[in-house]
Amino acid sequence: MGLSSFTFFFLFFGFYTHFGLVNPQPFDHVSIAPSPAPQPAVSTRIQSATPRVCDVRSFGCVGDGVTDDTQGFKMAWDSACSNDEPTVLLVPKHYTFMIQSTIFTGSCRNSLVFQIEGTIMAPDGPRMWPKGMSMRQWLVFYRVNGMSLQGGGVIDGRGEKWWDLPCKPHKGPNGTTLPGPCDSPVSIRFFMSTNVTVKGLKLKNSPQFNFRFDGCHGVHIESVNIKAPSLSPNTDGIHIENTNDVTIYNTLVATGDDCVSIGAGSYNVDIKNITCGPSHGISIGSLGMRNTRACVSNITVMDSVIKHSDNGVRIKTWQGGFGSVSNVRFINIHMDNVRNPVMIDQYYCQSKGMCPNQTSAVRISNIIYERIWGTYDVRSPAMHLGCSDSVPCTNLTFSEVELMPSQGLNIVSPFCWNAYGFLPTLTIPPVFCLLEGDPASLPNTDTVQC
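Every residue gets a number counted from 1 within its own chain, in the order that chain's sequence is written. Two thresholds apply to this predicted model, a pLDDT of at least 70 for residue-level local features and 80 or more for giving and counting side-chain atom pairs, whereas whole-chain, interface and lining totals are computed over all residues. The side-chain values count all of the structure's non-hydrogen atoms but skip hydrogen atoms and water molecules.

Taking an unreviewed UniProt entry as the reference, the protein chain is identified by name as Polygalacturonase belonging to Centaurea solstitialis. UniProt, in its Sequence similarities (unreviewed entry) section for the protein chain, records the words "Belongs to the glycosyl hydrolase 28 family." The UniProt entry for the protein chain carries this comment under Subcellular location (unreviewed entry): "Secreted, Cell wall". UniProt positions are given in the numbering used here, feature names are shortened, and annotations may be inferred rather than shown by experiment.

Draft legend 1. Local environment of a nonpolar patch on the surface. A surface patch of nonpolar side chains, about 220 Å² in accessible area, is lined by Met 404, Ile 411 and Ile 428. Where helices and strands are cited, they refer to DSSP runs of H or I of at least four residues and of E of at least two residues respectively, numbered from the N terminus. Within the element layout of this structure, Ile 428 appears in the loop between strand S31 (419-422) and strand S32 (435-436). The buried label goes to any residue with under 20% of its type's maximum accessible area, the exposed label to any with over 50%, and the partly exposed label to all in between, with areas taken from a 1.4 Å probe on protein chains only. Residue classification places Ile 428 among the partly exposed positions, given a relative accessible area of 34%. What goes into a patch is any residue over 30% in relative accessible area without a salt bridge, connected to like charges within 9 Å or, for nonpolar side chains (Val, Leu, Ile, Met, Phe, Trp, Tyr), within 5 Å. To measure how exposed things are, a 1.4 Å probe is used in the Shrake-Rupley method; for residues, cover is taken only from the protein chains shown. Throughout this description, the term salt bridge denotes a Lys or Arg side-chain nitrogen within 4 Å of a carboxyl oxygen of Asp or Glu.

Draft legend 2. The arrangement of the state of the cysteines in detail. Throughout, a disulfide means two cysteine sulfur atoms within 2.5 Å of one another. Enumeration over the complete set of coordinates arrives at seven disulfides. Note on cysteine connectivity: Cys 349 is disulfide-linked to Cys 355, with sulfurs 2.0 Å apart. Sign of the S-S torsion, about 85° for the bond between Cys 349 and Cys 355, identifies this disulfide as right-handed. Since its relative accessible area comes to 27%, Cys 355 is described here as partly exposed. The disulfide that involves Cys 416 links it to Cys 433, with 2.0 Å between the sulfurs.

Draft legend 3. Up close: helix H2 (residues 70-81). For H2, with twelve residues, the first-to-last C-alpha span of 16 Å sits near the 16 Å given by 1.5 Å per residue. Most of H2 sits out of view: nine of its twelve residues are buried. Burial in H2 covers these residues: Thr 70, Gly 72, Phe 73, Lys 74, Ala 76, Trp 77, Ser 79, Ala 80 and Cys 81. By this rule, a helix spans an expected 1.5 Å times one less than how many residues it contains.

Draft legend 4. Structural view of the UniProt feature "active site" (unreviewed entry) in the protein chain. Those places that UniProt annotates as "active site" (unreviewed entry) correspond, in this numbering, to His 280. Take His 280: it is sitting in the loop between strand S20 (267-276) and strand S21 (282-287). Of note is the side chain of His 280, whose polar atom sits 3.3 Å from the backbone oxygen of Gly 256. Any pair of nitrogen or oxygen atoms within 3.5 Å is treated as a polar contact; in protein, a donor-acceptor pairing is required on top of that, and neighbouring residues in sequence qualify only through side-chain atoms on both sides.

Draft legend 5. Summary view of the pattern of salt bridges. The full count for this structure, using the stated rule, is eleven salt bridges. A salt bridge links Asp 55 to Arg 57; the nearest nitrogen and oxygen atoms lie 2.7 Å apart. A relative accessible area of 12% places Asp 55 in the buried class. Close ionic contact of Glu 370 with Arg 371 constitutes a salt bridge, the shortest N to O distance being 3.0 Å.

Draft legend 6. Region of the structure containing the nonpolar core. Of all hydrophobic cores here, the largest spans 94 residues; its most connected members are Trp 77, Phe 114, Phe 190 and Tyr 369. Take this core: its biggest share by element is six residues, from strand S24 (residues 322-338). Note on terminology: a nonpolar core comprises buried Ala, Val, Leu, Ile, Met, Phe, Trp, Tyr and Cys residues joined through side-chain atoms within 4.5 Å.

Draft legend 7. Structural context of the confidence of the model for the protein chain. Known as pLDDT, the predictor's per-residue confidence is scaled from 0 to 100. Mean pLDDT over the protein chain: 89, with 86% of residues reaching 70 or higher. Ignoring residues within four places in sequence, the model shows residues 1-28, a span with pLDDT below 50, making 45 contacts including any to other chains. Residues are treated as being in contact if the distance between any of their heavy atoms lies within 4.5 Å. Contacts for the low-pLDDT stretch residues 32-48, under 50 throughout, to residues beyond four places or in other chains number 29 contacts.

Draft legend 8. Local environment of unusual backbone geometry. Along the chain, Gly 106 connects to Ser 107 via a cis peptide bond; the corresponding omega equals 0°. Relative to the helices and strands, Ser 107 resides in the loop between strand S5 (102-105) and strand S6 (113-116). In this chain, Gly 277 is followed by Pro 278 through a cis amide linkage whose omega measures -5°. By the secondary structure assignment, Pro 278 is in the loop between S20 and S21. Located in the positive-phi region is Arg 143, a residue other than glycine, with phi close to 55°. Although it is not a glycine, Asn 273 sits at a positive phi angle of roughly 55°.

Pasting the structure below:
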């Protein structure tokens, strides 16, 4: 590796270790990009039609589910990533590979295909996690471009012992916790990557988020199956943050938290044909925590099913934040016994009664709910529109919304607070509490502009 690559590598690790994003770990668990590692150049040579295959077993991996195969995976990645020709990094069927927390570093010289047909398995809980290695992430892809992570195999996070840490909410009714270490790893994290495809994989029992995309552009997720128990804490299926141009299609998610969560700085997200639940639903947020700016726009969720979940489609923001959520469409979504099928919560707080009232808020506008239908759990109203006292929600549109109680005939009236919008059609239940038109005054747009 040349001097410039060493300089970049140490600058990256110094910065992210300082801010707690990664912990220091031995160099043999970090894939070093081949030198040089700029944006991939257009090759003038004629590429072969048949890609080269790098089988991880050719690099010393055993695949018995017990042996630490981390080093073999690193060697296989470095070989595949440095190849000028189309390359497949193969994790073969009928083998189970146990690997430690690892960073796979790009940019590669080809559009690499990481083909998982067997099983990749994490260490068995916090006590088996090597000391000095990050407990916040397991498999990280950093600065990859044009990569596909695909196959019919399984990624097993072995999260059971992480969920039982004393700091995690107990399974009792009051959700009590105890002090102690609480970091738990995200199973798969893409960081500062472009044109990424994830297809066909099965993820199970992630210690925390299953997928997390940070600072990425151009992400396509299709036909992925994500599962964790309904009481597993913080096991969001797919989380995106500061990421744009995202498509999530034909995917099944059943976890203990959100099926999809969309964080600050995300825009141009298209979600279609998702089967979600049990879960906490599909969420934008939470946004604006600790008085931060949050901007989310151009989000579409359509042709999907949410079942047996605590929430349906939800926008959640903290008091005191600023920015905006705008141009969001929820279209043709079937709710099956869902509590809070439609929810806007601008008073989001993880500990009830512990968050002070604040006047600043993320502005919510131009939200369309169209053909939202099915059944809801009558413990909560079918629609909860809790908007900020000082920054009202505007241009909320409800069309062809038909939500009936899953049991009995008692229809619970929707809840509205400072919510303005339009009703092109009748809704069931009727949203009589929605204020028509626009509010008389709005806050200074300079404070909410994104």
